[in-house]
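This is what each chain is made of:
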Amino acid sequence: MEDTVSYQRLPKVRIREMRDDFMKFELRETDASMANALRRVMIAEVPTVAIDLVEISVNSSVLNDEFIAHRLGLIPLTSDNAMEMRFSRDCDSCDGDGQCEYCSVEFHLSAKCESDQTLDVTSADLHSVDHRVVPVDVQKAFDSDGYDPNQRGILIVKLRRGQELKLRAIARKGIGKDHAKWSPAATVTFMYEPQIHINEELMETLTFEEKESLVDSSPTKVFSIDPDTQQVVVMDAEAYTYDEEVIKKAESMGKPGLVEIYAKEDSFIFTVESTGAIKAPQLVINAIKVLQQKLDAVRLQDDNNFNELDAHLGGS
Amino acid sequence: MDPQQPEPVVYLCGDCGAECPLKSGDVIQCRDCGYRILYKKRTRRIVQYEAR
């Protein structure tokens, strides 16, 4: 066993941009399987909290009960403590009932329109029993410490005079794999880092007009012409979308090999957009934790399972 | 509930909006205006839904 080859690698991360709802970073010295696992975990397996059960006592609005329950489920809630919360299905203190403080958060909503003006019922009308779990936009308004007339919360339903809505909602921990309402990610993408080689020798044989049309052939602004030396230079390699338009252009000009573009197969550029349930940097960290837990589960599994697999594969 | 004494169910008239309690076997007709389309009221009970 001593002389087995180790495939262990130590990936490196370099953060380029970090905001509450957006993050851009480089992941290097690993392969596509790692990058894709990370992306998929961020979308579907990082837990958040979302409304899962709605008990409606009065609803005389124009929307039916199911419609309102569904809309409530889709409201993003601040889920910073979701990693520490329990899933209601394996919560000991309430036998999976999903009604205790370890696995659920209760919300109350009570609204009635008494005036001639239409009443907008929004996420700001949802009252949480736990101040850590509130609708994302409500938290945002609280943080910015000012009332913004354009920021009135997420609209749930509109009521006219005499209509009323009264309900109790239970929010639970869950993952995006079960229902997209639990996904903390708006979008997560990664791309291979492009490596662009310009054949300078061949480039010299081009006229200025030809260089210009080559630069313009790329649908995104990847190349430009240096105003001093009149040479074609790479302006923004990452703007390249692997459309191969410049390569086709070079071929049509009778100069194959003028530009060569390869994807670096061990370098990835990630962009992460968060719904606000979890801050984007925390989302990445939580995803790595979830991935680690999954690997631990494999490692701690009975070795007999692998022996069985060996027998199948080796046929000994 | 006692099956011997069925509680009358209150309906709403589709025309005049008056309340109209009906028992089993009654003619489906509004007592005030004679309109024959009646609407059932929403339950007074709390109803539970999964937000999915």
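Parameters and conventions
Residues numbered from 1 in each chain as written. Chains lettered and ligands numbered in written order. Predicted model: local features only at pLDDT ≥ 70, side-chain atom pairs only at ≥ 80, totals over all residues. Heavy atoms only, no water. Pairing = 2+ DSSP bridges. Helix = DSSP H or I, 4+ residues; strand = E, 2+ residues; numbered from the N terminus. Axes fitted to C-alpha atoms, helices over the stretch in contact; angles between N-to-C directions. Core = buried A, V, L, I, M, F, W, Y, C linked by side-chain atoms within 4.5 Å. Buried < 20%, exposed > 50% of the residue type's maximum accessible area, 1.4 Å probe, protein only. Contact = heavy atoms within 4.5 Å. pLDDT = per-residue confidence, 0-100.

**Description of the sheet that holds strand β1 (residues 9-13) of chain B**
All names here are of chain B.
Alright, step 1. Read from one edge of the open sheet, 3 strands run β2-β1-β3, paired in antiparallel fashion. On the outer flanks of this sheet lie β2 (19-22) and β3 (38-40), each paired with one strand and no other. On average, each strand axis in the sheet is inclined to that of its neighbour by 45 degrees, with strand direction left out of account.

**Quick word on the nonpolar core**
Nonpolar side chains in soluble globular proteins tend to end up buried together.
Alright, step 1. I51(A), V54(A), L72(A), L77(A), F107(A), L109(A) and L167(A) are the most contacted members of the largest nonpolar core, which has 28 residues in total.
Alright, step 2. At the level of elements, β3 (48-59), α2 (65-73), β4 (104-112), β7 (155-159) and β8 (164-174) of chain A are the ones that each hand at least two residues to this core.
Alright, step 3. Setting aside its immediate chain neighbours within four residues, I51(A) contacts L72(A), G73(A), L77(A), F107(A), L126(A), A169(A), I170(A), A171(A), K181(A) and A51(B).

**Side note on the confidence of the model for chain A**
Alright, step 1. For chain A, per-residue confidence averages 90 on the pLDDT scale, and 91% of positions sit at 70 or higher.
Alright, step 2. α2(A) holds the highest mean pLDDT among the elements of chain A, 97, whereas helix α8 (residues 304-314) of chain A holds the lowest, 63.

**A look at the environment of F87(A)**
All names here are of chain A.
Alright, step 1. Mapped onto the secondary structure, F87 falls in the loop between α2 and β4.
Alright, step 2. Along the primary structure F87 and P11 are separated by 76 residues, whereas in three dimensions their C-alpha atoms are 31 Å apart.
Alright, step 3. The contact partners of F87, leaving out residues within four places of it in the chain, are C103, K173, G174 and I175.

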